[in-house]
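Single-letter residue listing:
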Amino acid sequence: MIGIGVWGPGRVGTAIARSVAALGSNSGYRMVGVSPRDIGGRCPLARDLDVPTMTPAELVTTADLTVLAAPDDALAEAATALAAQVIASGHSAADRSVVHCSGALDLSVLASVGALGAAIGAWHPLQAFPTTGSPVRPGITWAVTASPELAATLTELSLAPVSYTHLTLPTN
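Residues numbered from 1 in each chain as written. Predicted model: local features only at pLDDT ≥ 70, side-chain atom pairs only at ≥ 80, totals over all residues. Heavy atoms only, no water.

Q: Outline the pairing of strand 2 (residues 29-35), listing residues and values.
A: Within a regular beta strand, the side chains point alternately toward one face of the sheet and then the other, so they alternate between its two faces. Among the seven residues in strand 2, six count as buried, and that is most of the element. Pairing of strand 1 (residues 2-7) with strand 2, which is carried by six bridges, proceeds in the parallel orientation. Its bridge partner lying in strand 2, I4 is registered against M31. For the crossover that starts at strand 1, traverses helix 1 (residues 11-23) and ends in the parallel strand 2, the hand is right-handed. (Buried < 20%, exposed > 50% of the residue type's maximum accessible area, 1.4 Å probe, protein only. Helix = DSSP H or I, 4+ residues; strand = E, 2+ residues; numbered from the N terminus. Pairing = 2+ DSSP bridges. Right-handed = clockwise from strand over helix to strand, strands pointing away.)

Take a look at the structure:
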């Protein structure tokens, strides 16, 4: 069972978290937690999905795959802060994966997390998310940029709920 966590439950993060939760326990995937940008704030999504609200460091060191769903202009800063929190916690990110959902940025924005031993990637749903209530639509295409092993997991996850198309893009 692959545990998935979402940092940044905004429009995209919420849609992905709800999609993963809807897969059910027989899918091989489960939501393990959500980390809101304001960790002191309430997280209705965590309550709705019956998963814990976690700090970013807890999320990365608990989840097998953490989806970093931050706005493009905040992604590098979020990844750097995340890496610093993991270091401060004394835990390891080795054997974990962290992906972002940006269609405009490459993997370099996750370099600080990758330096901790986490596999990094980009997993971008090609659709608009105008509200936090927007679901991942059946039949959309996902762009995947990652190592072959992580790309295989992301592709499988992209195909899990319904029949999606995916594009695997080179990492360099």
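Q: Residue-level account of the nonpolar core, with values.
A: I4, M31, V67, W123 and L154 are the most contacted members of the largest nonpolar core, which totals 29 residues. For this core, the secondary-structure elements that each account for two or more residues are strand 1, helix 1, strand 2, helix 2 (44-49), strand 3 (65-68), strand 6 (141-146) and helix 6 (148-159). For M31, the residues in contact, after removing those within four places along its chain, are I4, G5, V6, A17, V20, A21 and V51. If you look at the next biggest cluster of nonpolar residues, it comprises 19 residues, including W7, A78, L82 and A93. (Core = buried A, V, L, I, M, F, W, Y, C linked by side-chain atoms within 4.5 Å. Contact = heavy atoms within 4.5 Å.)

Q: Help me get a handle on the pairing of strand 3, residues and values and all.
A: Of the two faces of strand 3, the one lined by L65 and V67 and the one lined by T66 and L68 are each fully buried. The pairing of strand 1 with strand 3 spans four bridges and is parallel. Residue pairing for strand 3: W7 is matched across the bridge by L68. Looking at chain direction, strand 3 and strand 4 (residues 97-100) are connected through four bridges and run parallel. By the bridge assignment for strand 4, T66 is matched with V98.

Q: Can you lay out helix 1 for me, pointing to particular residues and giving the numbers?
A: For helix 1, which comprises 13 residues, the first-to-last C-alpha distance of 19 Å matches the rise-based estimate of 18 Å (1.5 Å per residue) to within 8%. Along helix 1, the residues classified as buried are G13, T14, A15, I16, A17, S19 and V20. Once helix 1 finishes, G24 follows within two positions and takes phi at roughly 85°, a positive value. (Expected span 1.5 Å × (residues − 1).)

Q: Lay out helix 4 (residues 75-89) in plain terms, naming residues and giving numbers.
A: Since the α-helix advances by 3.6 residues per turn, residues separated by three or four positions end up pointing in the same direction. Over its 15 residues, helix 4 runs 21 Å from end to end, which matches the ideal 21 Å to within 8%, given 1.5 Å per residue. The set of residues buried in helix 4 consists of L75, A78, A79, L82, A83 and V86. Axial view of helix 4: buried residues confined to an arc of 135°, hence all on one face. Counted as exposed and oriented over 90 degrees from the buried face of helix 4: E77, I87 and A88. Against the buried residues of helix 4 lie strand 1, helix 3 (56-62), strand 3, strand 4 and helix 5 (111-114). Just downstream of helix 4, G90 is the residue with a positive phi angle, here 80°. (Arc of directions from axis to C-beta.)

Q: Would you mind going over unusual backbone geometry in detail, with residue names and values included?
A: Unusually for a residue other than glycine, D50 sits at a positive phi of about 55°. Structurally, the position occupied by D50 is in the loop between helix 2 and helix 3. Unusually for a residue other than glycine, D95 sits at a positive phi of about 65°. Within the secondary structure, D95 is located in the loop between helix 4 and strand 4.

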